[in-house]
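Given next are the chains, with one letter for each unit.
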Amino acid sequence: NLLSLELQGNGLSGEIPEELNNANKLQLLNGAMQYQYSFQCVASDGRTVNTIFSKGDPENGYNWGLMGSTLGDNVNKWKSMKGLHLFDNSITGTLSPALGDLKYLVFLRAHNNAIQGLIP
C-alpha cells in the first residue's frame, strides 16, 4: 500500500531492492542525488551532522549511489506511477519500453546516470 517513497540525498549505495518492484500502488519514487549532495542537519542530541556524498570508489570513502538496471521491464508493475526521480546515481542499462505504458507517469528524471538508448 506504499504510495510515496522519498529517499533523496541520503547517501544510499547499491541496487534498489527487488521487493520495491512489487509496490504496485507506488506513485512517487524519489531516490535522486545519492552523491554530489551536501547538506547539514542537526541530530536529535544537538550534534551537527554534515552529509556530503561524492561519486567514486566506496573503498576510498565515496559512494556510487543507486546502481543496477532499475528501469527495466519490471516497471510495468508500477501502474499508478506519476514521478520517478532517480537522477545523480549510477543506474545502468536501457530504459524499458514498458515505461511508455505507464499512463500516469508525468516526471521521469534520470539524468546523470549510465543509462543508454532511447526514451520510450
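Here the residue index of a chain counts from 1 through its sequence in written order. In view of the model being predicted, local features appear only for residues whose pLDDT reaches at least 70, and side-chain atom pairs are presented and counted only at 80 or more, with totals across whole chains, interfaces and linings using the full set of residues. Processing note: side-chain calculations cover all non-hydrogen atoms of the structure and skip hydrogens and water entirely.

Asks: Help me understand the overall build of the chain in this model?
Replies: Only DSSP runs of H or I with at least four residues qualify as helices, and only runs of E with at least two residues qualify as strands; both kinds are numbered from the N terminus onward. Check the secondary structure of the chain and you find zero helices and ten strands. When the helices and strands of the chain are placed in sequence order, the string is β-β-β-β-β-β-β-β-β-β. Each residue is assigned to one of three classes by its accessible area relative to the maximum for its type, calculated with a 1.4 Å probe on protein chains only: buried under 20%, partly exposed between the two thresholds, exposed over 50%. Per-residue burial over the chain gives 38% buried out of 120 residues. Within the chain, contacts between residues separated by at least 24 positions form 57% of all contacts whose residues are at least 6 apart in sequence. Residues are treated as being in contact if the distance between any of their heavy atoms lies within 4.5 Å.

Asks: How do you make sense of the pairing of strand β8 (residues 90–94) when you look at a structure like this?
Replies: Remember that side chains alternate between the two faces of the sheet whenever the strand is regular. Here strand β6 (residues 66–68) runs beside β8; their pairing, made up of two bridges, is parallel. Residue pairing in the sheet places M67 in a bridge with S90 of β8. One ladder, built from three bridges, connects β8 with strand β10 (residues 114–116); its direction is parallel. In the strand pairing of β10, T94 is matched with Q116. Paired strands, in this sense, are two strands between which DSSP finds at least two bridges.

Asks: I would appreciate a short explanation of the environment of L99 in the present structure.
Replies: Note on placement: L99 falls in the loop between β8 and β9 (107–109). The spacing of L99 and W78 is 21 residues in sequence and 9.3 Å in space, taken between C-alpha atoms. Filtering out sequence-adjacent residues up to four positions away, L99 remains in contact with L71, V75, L84, L105, L108 and P120.

Asks: How should the side chain of N89 be read in this particular structure?
Replies: Its place among the elements puts N89 in the loop between β7 (83–85) and β8. Owing to a relative accessible area of 0%, N89 belongs among the buried residues under this scheme. Of the polar contacts made by the side chain of N89, one reaches the backbone oxygen of G31; its length is 3.0 Å. Polar contact is defined as a pair of N or O atoms within 3.5 Å, subject to the rule that within protein one atom must be able to donate a hydrogen and the other to accept it, and that residues adjacent in sequence are counted only when both atoms are side-chain atoms.

Asks: Teacher, can you tell me more about the environment of K79 here?
Replies: Relative to the helices and strands, K79 is located in the loop between β6 and β7. Residue class for K79 comes out exposed when judged on its relative accessible area of 57%. Residues K79 and K103 lie 24 residues apart in sequence; the distance between their C-alpha atoms is 7.5 Å. If we ignore the near neighbours within four places in the chain, the residues touching K79 are N24, L102 and Y104. A polar atom in the side chain of K79 sits 3.0 Å from the backbone oxygen of N76.

Asks: Hey, could you run me through the sheet that holds β10 in this one?
Replies: Hydrogen bonding along the main chain pairs the strands of a sheet, whether they run parallel or antiparallel. Taken in spatial order, the four strands of this open sheet run β2-β6-β8-β10, and their pairing is parallel. In the strand order of this sheet, the two ends are held by β2 (14–15) and β10, each with one partner.

Asks: Help me understand the side chain of S96 in this model?
Replies: Topologically, S96 is positioned in the loop between β8 and β9. Separated by 3.0 Å, the side chain of S96 and the backbone nitrogen of A98 make a polar contact. In this structure S96 touches L71, G72, D73, V75 and P120, once residues within four positions along its chain are discounted.

Asks: Honestly, unusual backbone geometry in this entry has me stumped. Any pointers?
Replies: Peptide bonds are trans in most cases, and residues, glycine excluded, mostly fall at negative phi. For D88, which is not glycine, the phi dihedral falls at a positive 60°. Relative to the assigned elements, D88 resides in the loop between β7 and β8. The exposure class assigned to D88 is buried, which follows from its relative accessible area of 11%. Even without being glycine, N112 reaches a positive phi, approximately 65°.

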